[in-house]
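Residue strings, one per chain:
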Amino acid sequence: TSRGGADDAMAHARCDVVVVAAARGGLSRHRSTRARPRAPARLARVGRDAVKTTRAMAVGKPGDEFDASRGALTRAVPTPSTKRIVKQLREELERCVAEEDFARCAEVRDKLLDADPKARHERAMALAIEEERYADAARARDEIRAIEAAEDALERAPSRSSCVTRGIRVDVEAVYQRLRSAPASNAFFHTYTVTITNENNDADAVQLLSRSWLITDGQGRCETVKGAGVIGQQPTLRKGQSFTYASACPLRTPRGTMEGFYRFVEFTVSEHDENELVPRDEFDAEISTFGLDATSDD
């Protein structure tokens, strides 16, 4: 690399880098072109642990994908459920710092790095700057920007989704109901229609046993809804059959998301009676994320 190219990389990395204070486990950030301030002795221990954690990340953990040619973890966008976990960990880390419980800080920080791909890249960028690997820092910065862009897109998730798990297709479409909403009272009412189709060729039939929903509003508040069946039914679907139902979801914010899964059991036809179904495996069929958007033009 030419001296000029190295200087350019250094300039770009320094210009946009987020300096992550070790005492805050990647949470306290400020833009700066100056060196990071020296931490007190107890915080420095946490900082040294952070460096060890970052170096360990370069080797990779189960579930991580590491691109050696680029020197960065491949991109993974947090889902609403992941964002809820990350939010809780960030709040816990803030409490640990306030209470000066630095051993607990290190534990929570490590959990946060496991849960939050953005935090991992922030940590990698901080280490790269410390070691003057400015090209690597610039790549980590680009990964952070890409994750932030994807998170923005997720917040504007389309009002429909489609997903297939073990041959069970789940299609969902949501519609904002203006006439049943009261924005002045922070009441936004949405309906959604679900169509479940059995495309499973390995079982003679499946039955929907239960549902589990994660609803996230525009302020990150999460609600879990679980129950037996859907709309009071536990439909059984043979190969090629579909089941459609409609339901509703009120929100306190103009936008939000829903995701979840249905619990199914597979059946095979009895060898003795073709009208008798014998239960086999149970499994979860994913309901991929879709948006609830009162601001949409749809």
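Peer 1: Help me get a handle on the overall build of the chain, residues and values and all.
Peer 2: For the chain, the count of helices and strands is 6 helices and 13 strands. Looking at the chain as a whole, 41% of its 298 residues are labelled buried. About 16100 Å² of surface is accessible on the chain, with carbon and sulfur atoms providing 47% of the total.

Peer 1: An account of unusual backbone geometry is requested, with residue identities and associated values reported.
Peer 2: One non-glycine residue, E100, lies in positive phi territory at about 55°. If you trace the backbone, E100 turns up in the loop between α3 (80-98) and α4 (102-115). The class of E100 is partly exposed, set by a relative accessible area of 45%. A positive phi angle, close to 40°, is found at I231, a residue other than glycine. Here I231 shows up in the loop between β9 (222-228) and β10 (236-238). Overall, the relative accessible area of 47% leaves I231 in the partly exposed class.

Peer 1: Now, about helix α5 (residues 117-130): what can you tell me, with residues and values included?
Peer 2: The terminal C-alpha atoms of α5, which comprises 14 residues, lie 20 Å apart, in line with the 20 Å expected from a rise of 1.5 Å per residue. When α5 is considered as a whole, its buried residues turn out to be P117, K118, A119, R120, H121, E122, R123, M125, A126, L127 and A128. E132, located one to two residues past α5, shows a positive phi value of around 60°.

Peer 1: Which residues make up the side chain of D217, and what values do they have?
Peer 2: Tracing the chain through its elements places D217 in strand β8 (residues 205-217). Using a relative accessible area of 8% as the deciding quantity, one classes D217 as buried. Once residues within four sequence positions are removed from consideration, D217 is found in contact with L251, R252, T253, R255 and G256.

Peer 1: Pulling in residues and values, what's your account of the pattern of salt bridges?
Peer 2: A full pass over the atoms with the stated rule returns 14 salt bridges. Note that D136 is salt-bridged to R139, the shortest N-O span being 2.2 Å. Here D136 pairs with R139, and both are found in helix α6 (residues 134-155), just 3 residues apart, close to one helical turn. Take R139: its relative accessible area is 29%, and that puts it in the partly exposed class. Put simply, R166 and D281 hold a salt bridge, and the shortest N to O gap is 4.0 Å. Taken together, the residues span a long stretch of sequence, with R166 in the loop between β5 (160-165) and β6 (168-176) and D281 in strand β13 (residues 277-293) at a distance of 115 residues. With relative accessibility at 41%, the residue D281 sits in the partly exposed group. Residues participating in the shared-partner salt-bridge network are E131, R133, D136 and R139.

Peer 1: Any chance you could break down the sheet that holds strand β7 (residues 188-198) for me, citing the residues and the numbers?
Peer 2: An order of β5-β6-β7-β11 is seen for the 4 strands of this open sheet, with the pairing classed as antiparallel. Bordering the open sheet on either side are β5 and β11 (242-251), each of which pairs with just one other strand. Strand after strand, the sheet turns through a mean of 20° between neighbouring axes, direction not considered. Relative to β11, β7 runs antiparallel, the two sharing 10 bridges. The partner of T193 across the bridge, within β11, is A246.

Peer 1: I'd like a description of the nonpolar core, backed by residues and values.
Peer 2: Core analysis: the largest hydrophobic core is formed by 28 residues, its most contacted members being Y192, I196, Y245, Y262, F264 and F290. With residues up to four places along the chain from it excluded, the contact list for F290 reads A157, P158, S159, R160, S161, V172, A174, Y192, W213, G256, T257 and M258. Formed by 11 residues, the second largest nonpolar core is a distinct cluster that contains L89, V108, L113 and A115.

Peer 1: Before we move on, could you go through the packing of aromatic side chains and cite the residues and values that matter?
Peer 2: Scanning the entire structure with this criterion turns up 7 aromatic pairs. Plain terms: the ring middles of F264 and F283 are 5.8 Å apart, the flat faces sit at 20° to each other, and that makes the pair stacked. Separated by 19 residues along the polypeptide, F264 in strand β12 (residues 255-269) and F283 in strand β13 bring together distant segments of the chain. Across the pair, F283 and F264 agree in class, each one buried. One aromatic cluster is present, built from ring pairs that chain together Y192, W213, Y262, F264, F283 and F290.

Peer 1: Give a description of α4 that names residues and reports values.
Peer 2: Along an α-helix, a turn takes 3.6 residues, which lines up residues three or four apart on a common side. Helix length check: α4 (14 residues) gives 20 Å between terminal C-alpha atoms against 20 Å at 1.5 Å per residue, within 8%. Buried within α4 are the following residues: F102, C105, A106, V108, R109, L112, L113 and A115.

What counts, and where the lines are drawn
Residues numbered from 1 in each chain as written. Predicted model: local features only at pLDDT ≥ 70, side-chain atom pairs only at ≥ 80, totals over all residues. Heavy atoms only, no water. Helix = DSSP H or I, 4+ residues; strand = E, 2+ residues; numbered from the N terminus. Buried < 20%, exposed > 50% of the residue type's maximum accessible area, 1.4 Å probe, protein only. Areas by Shrake-Rupley, 256 points an atom, 1.4 Å probe, with all protein chains shown as cover. Expected span 1.5 Å × (residues − 1). Contact = heavy atoms within 4.5 Å. Salt bridge = Lys/Arg side-chain N within 4 Å of Asp/Glu carboxyl O. Pairing = 2+ DSSP bridges. Axes fitted to C-alpha atoms, helices over the stretch in contact; angles between N-to-C directions. Core = buried A, V, L, I, M, F, W, Y, C linked by side-chain atoms within 4.5 Å. Phe/Tyr/Trp six-rings, centres within 6.5 Å; stacked < 30°, edge-to-face > 60°.

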